[in-house]
Amino acid sequence: MLPGTHMNISRRSFLDRTALSLLAGATLPQLHAADQVRTEPSEAGEKPLVVSTWPFGKASNEAALKILVGGGAILDAVEQGIWVTESDINNHSVGLSGTPNAAGVVQLDACIMYGPGHQAGSVAGLEGIRHPISAARRVMEKTKHVMLVGEGARMFALEQGLESIEVDSRNRYLEWQKRREKERAQSAGKTDTHDTIALLVLGTDGTIAGGCSTSGLGGKLPGRVGDSPIIGSGLYVDNEVGAAGATGIGENVMRYCGSFLIVEYMRQGLHPQKACQEAIRRIARQDPKGFELSVNFVALDKQGRFGAAGTDQGFAYSVTSPKASRVLPNPGVDRSK
Ligand code: ASP
């Protein structure tokens, strides 16, 4: 059984929705039975439910859940959950402790989506602001825009009273270079200088929201923006269907609108995990690099089913409900199809 599959909703409604989609002329991807499912989480179907990328997402999930069970707002859960990772000085891929760009400057990307009303806010290339997720939320709630970048985003964040921190870029850059050299030596040239927290929430009343935050690729060109703040790439929420979020090499996610694609697969009836796997297969089919791309996704749907899949072997994701809070392994993708 897939994560989150409930007897009452799985087969019957899947067949119903499949039939409806086919009648509507939609093209359903083929399902591949060989896709592995290594876990059968008991949190499936639970509400509230929080799903995020990477093991470091677990602490964020737990902070988000605490807000939700305390009766707090779903957007507060997303924002304050992500604060935990953005504030973690040991995390070198999210927040101001993240990896600098090629000019030695930490430039942050973040976005947030709120299902009802299909609202979105985003910031990119943001410097010196402690919580980029809060800047994204303010863009969504206080402006008529969806995205602000660079100095404009920073000025807006400051105007909104968000906390700024002077970052000692030079020292940070030198530290990062040292760390990278060490990692290179230990891993035969392969270094992992990027990660993102993408955090998805299903509220008790069925409301869906999500957020995403990262310092992007270490050593990126100044001004480079990845997938994370791009609505539909690093994150997508549709209150009727579900949500998806991404981590990996942003360029590979952006070219395929990865998170949007997953939500659309779920709309056609695919389980969140199958939707993630199918999106990766579709990307790999089209891309000259095939499965060598670093693309990893998490997803949840309106019924509380969830899943993930990634091309990175070390990818894992975190799932938290009132029943349990756990890190689950990358279920992988059947590459033979
Ligand atoms: N997707 C992020 C970016 O490309 C990095 C990551 O999630 O690993 O900026």
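Structure report, in brief. (Residues numbered from 1 in each chain as written. Predicted model: local features only at pLDDT ≥ 70, side-chain atom pairs only at ≥ 80, totals over all residues. Heavy atoms only, no water.)

**Some details on the packing of helix α8 (residues 258-267) against helix α9 (residues 272-286)**
Helix-helix packing is characterised by the crossing angle of the two axes and by the distance between the axes. In contact at an axis separation of 8 Å, α8 and α9 are set at 130° when each is read in the N-to-C sense. Regarding the angle of α8 to α9, the classification is oblique. By crossing handedness, the relation of α8 to α9 is classed as right-handed. Contacts between α8 and α9 involve Leu-261, Ile-262, Tyr-265 and Met-266 on the former and, on the latter, Pro-272, Ala-275, Cys-276, Glu-278, Ala-279 and Arg-282. Each residue belonging to the contact of α8 with α9 can be placed in one class, and the counts come to eight nonpolar, no polar and two charged. (Axes fitted to C-alpha atoms, helices over the stretch in contact; angles between N-to-C directions. Helix = DSSP H or I, 4+ residues; strand = E, 2+ residues; numbered from the N terminus. Parallel < 35°, antiparallel > 145°, perpendicular 65-115°, else oblique. Left-handed = near helix turned anticlockwise from the far one by under 90°. Contact = heavy atoms within 4.5 Å. Nonpolar A, V, L, I, M, F, W, Y, C, P; charged D, E, K, R; others polar.)

**A closer look at the pattern of salt bridges**
The final tally for this structure, using the stated rule, is 14 salt bridges. Between Glu-79 and Arg-137 there is a salt bridge, and its shortest N-O distance comes to 2.7 Å. Taken together, the positions of Glu-79 in helix α3 (residues 74-86) and Arg-137 in helix α4 (residues 132-142) put the pair 58 residues apart, joining distant regions of the chain. Both residues of the pair, Glu-79 and Arg-137, count as buried. With a shortest N-O distance of 2.7 Å, Arg-305 and Asp-301 are connected by a salt bridge. Among the residues examined, Arg-305 registers a relative accessible area of 3% and is labelled buried. Using a relative accessible area of 2% as the deciding quantity, one classes Asp-301 as buried. Taken together, the shared-partner salt bridges in this structure form one network comprising Asp-76, Glu-79, Arg-137 and Glu-141. (Salt bridge = Lys/Arg side-chain N within 4 Å of Asp/Glu carboxyl O. Buried < 20%, exposed > 50% of the residue type's maximum accessible area, 1.4 Å probe, protein only.)

**Quick look at the side chain of Thr-85**
Mapped onto the secondary structure, Thr-85 falls in helix α3. Classification of Thr-85 as buried rests on a relative accessible area of 3%. Once residues within four sequence positions are removed from consideration, Thr-85 is found in contact with Phe-56, Ser-60, Asn-91, Val-94 and Ile-197.

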